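# Examination of the molecular architecture
If you want the building blocks of each chain, they are given just below.
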Amino acid sequence: MNIVGTTLCWIATYSGKANGFSEGQVRYFESKIRPLLIDRCYDCHSAASQRQEAGLRLDSRDHLIEGGKSGAALVPGAPEESLLLQIFSASSEGEVHPAISPALTTQELALLRRWIEYGAPWPATKKRARASGSYDWEQEKRHWAYRPIKKPESPLPPNSSFRIKNPIDLFVAARLDQAGLPQAEPARAEIFVRRAFLDLIGLPPSASELAQWSEQLENGPKASLDDGAVARMIDALLARPQYGERWARHWLDVARYSEIGGWTQDGRSNPMGFHYRDWVIRAFNEDMPFSAFIRHQIAGDHLDSEAAVGTGFLALGPNYTSDGGDPESIAQAKGETLDDRVDTFSRGLLGLTVSCSRCHDHKFDAIPIEDYYSIAGVFNNTREGETPLVDASTVRAFEEGQKRIRAFDARLKERRKAAKALEGAAGEKAKNEIMEMEEAFKRVKAEAPAKYAYAHTLHDTDDKDMHVALRGNLLKKGDLAPRRFLRILAGEDRQHFDRGSGRAQLAEAVADLSNPLSNRVFVNRVWMHHFGRALVRTPDNFGKLGQKPTHPMLLDWVAANFVESGGSLKQLHRLIMTSATYRSSSRFVEPCFSVDADNRLLWRMDPRRMDVETWRDSLLTVTGELDLIQGGASVNNIASSHRRTLYARISRNDPTESDKFLRLFDFPIPRGTAAKRTRNVIPQQYLFMLNSPFMVDRAKALTKRVKADFEKNTGSIDAVYRLIHGRSPSEEETRAAETFLDQSDGNQSALSPWELYCQALLASNEFMYIR
C-alpha cells in the first residue's frame, strides 16, 4: 500500500445512518465510488498528495461540494450540474484529463451518476488513529460476534406472572422484568393459527382449517393455548411441501437469485437458474443439516450432481464483461465479478462486510486487504458452467446428435460452395440436390435429441493464489495472498487452501463448529422472519458497525441449541414457535410503548405487513385460484399467472413484467445480497389495489366463489369475512356492508356492487398484515 492507501486507513467510515444516509447507500459508496476516486484522483486531489491540483480535494464530501478553482465539483442529486461527472465523461470520450488514467468505462460512469442521483452518500468522517496492518488481534477477538458460541445458563423465572414455555421465554422475561414491563397476553387462537400458517407456508388457512385448529388450541388452560395442539399444528405445517417454497424465498433474497442479467456489462442469462431455486426448496423440505446446506452451496460440485446444483448460490450472480476490450476494462469487469462473489459469500454466510477491504484494510473490522484477496483468490480459480441433471447416456445421445448436425451442416456448406461454380444443367442439378439436402438437414435436426436438463454451477479451473490488487486495481499487483480463511476467525497460522480452487476447504471452514459466525448469522435470520425484526438488527453486518444483539444471551442459547440439533431448521422453527414469546398478542399497550417504543424487549408481537409474495399468494388462496404445482420453469409475467409468486422470472437490471409488479411492493433488486426487505408505504401501491386488472380479476373471482350465498346478504358477508380476515364481521361492519350492497342503483362502475365490495376487502390493511 502506498501513502494514499495508508492515509485512507485513518479516515473513519460510517455507522447506521451516517450523515443521514442509510447503511446500504454508504456501502454503495464504499464498494463502488471510493475505489474509483482513490484509483483515479487521490494522487493529485487528496490530503495525502503533496499539493492539491487546481485547489481541489476529492477525499471528502464537503471538499467536493466546496470545489476548487473551477467551482463546485459536486451538486448532490444533480449529475448534469456536477463538474466531477463532466470531467469524467469528457475523459471517457477521449479528452483525457491528466488525473484520470485510465478513462472511466461506461459502467463506471453509470455508477458515478447513480451515486450523485442518490444525493452523494458519504460516510461520517472523524480521525481514526490506526495505520495499515496494525490490528490488535487479541483486542479484536473480544468483539461479541467473534467469541465462541457457548450455551449460557437460562435465567430463573422472574415471577409466576410470566408464562414460560421453553428457555426462550426465560431470557425474554428476564429483560422485561428488569425494565418493569409485563409479558404480553397470549394471542387469540384464530390469530395465532393465521400467524403460524403465514409464517411457515406463506398461505392463509382455509375457513375449515381455521375453525379446526382454533377449536383444538382453545382446549388449553384459561388464557393460554393448548401446548399439544400448538406442536401438532406446527408439525403439520412443516410437513407440507409449501413450507419449503416459503422459506426458500427468504434464502433467495440472500442469494441475490435472478435468471436474467439484462444490462450491457451484465447481460448473461441463466435460463436453467430455476433448478437452484428448486434445490433450495428441496433442501428446506428435507430439513438438510445446515452444515451440508453451506457445503453444497460453496463446493457441491466436489460431491455429486445434486449437491452441485447448490453452487447456484454463487454461479447465478453477475458476470461482468468489459465494454471496450482494453486491459483496464477487462480487469475492472473481472474485479467487479470477484467482488460480487466475495460480498455474497461474506455478508450472506458470515455477516461480515469483507468487500469493504477490497482497496484497503477494513476501517473498523479486523479484515486486512490480504484477507479479501485470500477469499477472492478462491473464486478466481473458479468458473461458471453446466452440470447435467440426467444420466451419462442421455448426455452422449445429445452430443452425438449435435455431432451429426455439425457434420451435415459442413457437407451442406461445401455443396453450396461447389454449386456456385456450376452453370446450366449442372447448376440446376446442384440446386435440386441442395434443396434435397436442406430438407434432409431439417430432419436430422428434428430427430436429434433436445438439450438435456442442466444446472448453472461452479467448476474449478486452477489452484493458484492471487496477488493483492493495489487500490482494488487488478493490474497493480501487490503481495501474494495465500488462499485461506479470515484471520479473525481462524487465527494467524490458518490452513492454506491448496486443493483445487480451495472452495471445498473454504466450505469446511465456514461450516466448522468452531466458526462463531455462520450459525449465529443463520439463526438471527430465522428469528427475523418469525418476529419481523432480528435480534441483531443488521443481519448482514455482525461487525463493529452493525448493531449489537438486543438479547445476546438468548442469541447464543438459540445458536447453541441449533448446533446441538445438528443444524435442523425445522427444529429451530419448533423451538421458536412453541415459545410464549412467539405466541404473544400484538395488542398495543401504551405504558410499554412509552418505555420501549421500538419493541426491542419483545413486550408484544410486532404486527407485520406481508411481503409481496405472501400477499399475492394469499389473495389467490382466498379467491380459490392459486395453482399449487411445484417447481419447473419460471413465469415471465407472474401478475397474469396463478402460480405462487416464488416462480416469477427475475432480472437484475432490465425489469421483466414480474419485476415491475414485485418491486412496487418492496421486492429487492437482486444486484447484491439482500439482508432484509425495506418497508415502504407509497401511493402507487394503493393505486394498484384500486385500479389494476390484477385486483379487479381477484374481486371477480372472490365474488364468484361466494355467489351461492348472494340471496341472503348477511350470510355472504360473513362468508367473505371468514375467507379474507379469518373472523366474523362486527355488527357495525355488517350494517355498513348491507347498506353499500343495497345501494346498487346509480352504480357507475363496470363492476357490480359485490365485486366492488370484495375488492375493497382484498385491499384492506387487515388482510395485508400479520398480527
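Quick caveat, the model's predicted, so the values are computed rather than measured. (Residues numbered from 1 in each chain as written. Predicted model: local features only at pLDDT ≥ 70, side-chain atom pairs only at ≥ 80, totals over all residues. Heavy atoms only, no water.)

Assigned secondary structure in the chain consists of 33 helices and 6 strands. In terms of overall size, the chain behaves like a compact globule, its C-alpha atoms giving a radius of gyration of 30 Å where 771 residues would be expected to give roughly 28 Å. Across its three principal axes, the chain shows a C-alpha extent of roughly 85 × 85 × 55 Å. Evaluated residue by residue, the chain yields a buried proportion of 56% over its 771 residues. Considering only intrachain contacts with a sequence separation of at least 6, the fraction spanning at least 24 residues in the chain is 67%. Across the chain, 103 positive and 102 negative side-chain charges occur, with their mean positions spaced 1 Å apart. (Helix = DSSP H or I, 4+ residues; strand = E, 2+ residues; numbered from the N terminus. Rg over C-alpha atoms; globule rule 2.2 N^0.38 Å. Buried < 20%, exposed > 50% of the residue type's maximum accessible area, 1.4 Å probe, protein only. Contact = heavy atoms within 4.5 Å. Lys, Arg positive; Asp, Glu negative; His and termini not counted. Charge placed at Lys NZ, Arg CZ, Asp CG, Glu CD.)

Two numbers describe a pair of packed helices, the interaxial angle and the distance between the axes. Contact geometry for helix 7 (residues 167–178) and helix 23 (residues 552–564): axes closest at 9 Å, N-to-C directions at 170°. If you check the angle between helix 7 and helix 23, you find them roughly antiparallel. Every residue of helix 23 that contacts helix 7 at Pro 167, Ile 168, Phe 171 and Val 172 is listed here: Met 553, Leu 554, Trp 557 and Val 558. Split into classes, the residues belonging to the contact of helix 7 with helix 23 amount to 8 nonpolar, no polar and no charged. (Axes fitted to C-alpha atoms, helices over the stretch in contact; angles between N-to-C directions. Parallel < 35°, antiparallel > 145°, perpendicular 65-115°, else oblique. Nonpolar A, V, L, I, M, F, W, Y, C, P; charged D, E, K, R; others polar.)

We now examine helix 32 (residues 753–762). When you tally the buried positions in helix 32, you get 8 out of 10 residues, the bulk of the element. Within the sequence span of helix 32, burial applies to Pro 753, Trp 754, Glu 755, Tyr 757, Cys 758, Gln 759, Leu 761 and Leu 762.

Next up on the list: unusual backbone geometry. Although it is not a glycine, Ala 120 adopts a positive phi angle of roughly 60°. Relative to the elements of secondary structure, Ala 120 occurs in the loop between helix 5 (106–117) and helix 6 (137–140). One non-glycine residue, Arg 471, lies in the positive phi region at around 55°. Secondary-structure assignment places Arg 471 in the loop between strand 3 (466–469) and strand 4 (477–481). Looking at Arg 471, the relative accessible area reads 11%, which means it is buried.

For the rest of this paragraph, the subject is the pattern of salt bridges. By the definition in use, this model includes 54 salt bridges. The partner of Arg 574 in a salt bridge is Asp 235, and the shortest N-O contact between them spans 2.6 Å. Here Arg 574 is found in helix 24 (residues 569–577), whereas its partner Asp 235 is found in helix 10 (residues 227–238), with 339 residues between them in sequence. Overall, the relative accessible area of 26% leaves Arg 574 in the partly exposed class. Judged by relative accessible area, Asp 235 falls into the partly exposed class, the value being 37%. (Salt bridge = Lys/Arg side-chain N within 4 Å of Asp/Glu carboxyl O.)

Moving on to the pairing of strand 2 (residues 454–460). The buried fraction of strand 2 is high, at 6 of 7 residues. Note: strand 1 (residues 382–388) against strand 2, 7 bridges, orientation antiparallel. Within strand 2, the position partnered with Thr 387 by the bridge is Ala 455. (Pairing = 2+ DSSP bridges.)

Let's shift gears to the nonpolar core. Here is a general trend for soluble globular proteins: nonpolar side chains tend to be buried in one another's company. Judged by nonpolar contacts, the single largest core of 125 residues is most densely connected at Trp 251, Tyr 276, Phe 284, Phe 345, Tyr 373 and Phe 485. Among the elements that line this core, the one with the most residues is helix 8 (residues 189–201), at 8 residues. Excluding residues within four positions of it along the chain, Phe 284 makes contact with Tyr 243, Gly 244, Trp 247, Ala 248, Trp 251, Phe 293, Phe 522, Leu 569 and Lys 570. Membership of the second largest hydrophobic core comes to 37 residues, among which are Phe 661, Leu 741, Trp 754 and Phe 767. (Core = buried A, V, L, I, M, F, W, Y, C linked by side-chain atoms within 4.5 Å.)

Another aspect to go through is the packing of aromatic side chains. Scanning all chains against the criterion turns up 32 aromatic pairs. Measuring from centroid to centroid gives 6.5 Å for Tyr 257 and Tyr 276, while their planes differ by 35°, and the two rings are tilted. Highlighted residues: Tyr 257 in the loop between helix 11 (241–254) and helix 12 (274–285) and Tyr 276 in helix 12, separated in sequence by 19 residues. The residues Tyr 257 and Tyr 276 share a single accessibility class, namely buried. With a centroid separation of 5.7 Å and 55° between ring planes, the pair formed by Phe 290 and Phe 562 is classed as tilted. Residue Phe 290 is found in helix 13 (residues 290–299), and its partner Phe 562 is found in helix 23; the two are separated by 272 residues along the sequence. In terms of burial, Phe 290 and Phe 562 fall into one category: buried. Ring pairing ties together the aromatic residues Trp 251, Tyr 257, Tyr 276, Trp 279, Phe 284, Phe 290, Phe 293, Phe 313, Phe 522 and Phe 562, which thus form one cluster. (Phe/Tyr/Trp six-rings, centres within 6.5 Å; stacked < 30°, edge-to-face > 60°.)

With that settled, consider the side chain of Asp 343. Here Asp 343 is to be found in helix 16 (residues 327–350). Since its relative accessible area comes to 13%, Asp 343 is described here as buried. Contact partners of Asp 343, with chain neighbours within four places excluded, come to Gly 348, Ser 355 and Thr 673.

Along the chain, the position of Thr 311 falls in the loop between helix 14 (305–308) and helix 15 (312–315). Residue classification places Thr 311 among the buried residues on the basis of a relative accessible area of 0%. If we ignore the near neighbours within four places in the chain, the residues touching Thr 311 are His 296, Gln 297, Ile 298, Ala 299, Gly 300, Asp 301, Thr 457, Leu 458 and Arg 503.

Counting all residues, the mean pLDDT for the chain is 89, and 92% of those residues have values of 70 or more. Segment residues 1–18: pLDDT under 50, and 61 contacts once partners within four positions in sequence are set aside and those in other chains are kept. Predicted confidence is poor over residues 126–132, with pLDDT under 50, and the contacts of this stretch with residues over four places away or in other chains come to 19 contacts. (pLDDT = per-residue confidence, 0-100.)

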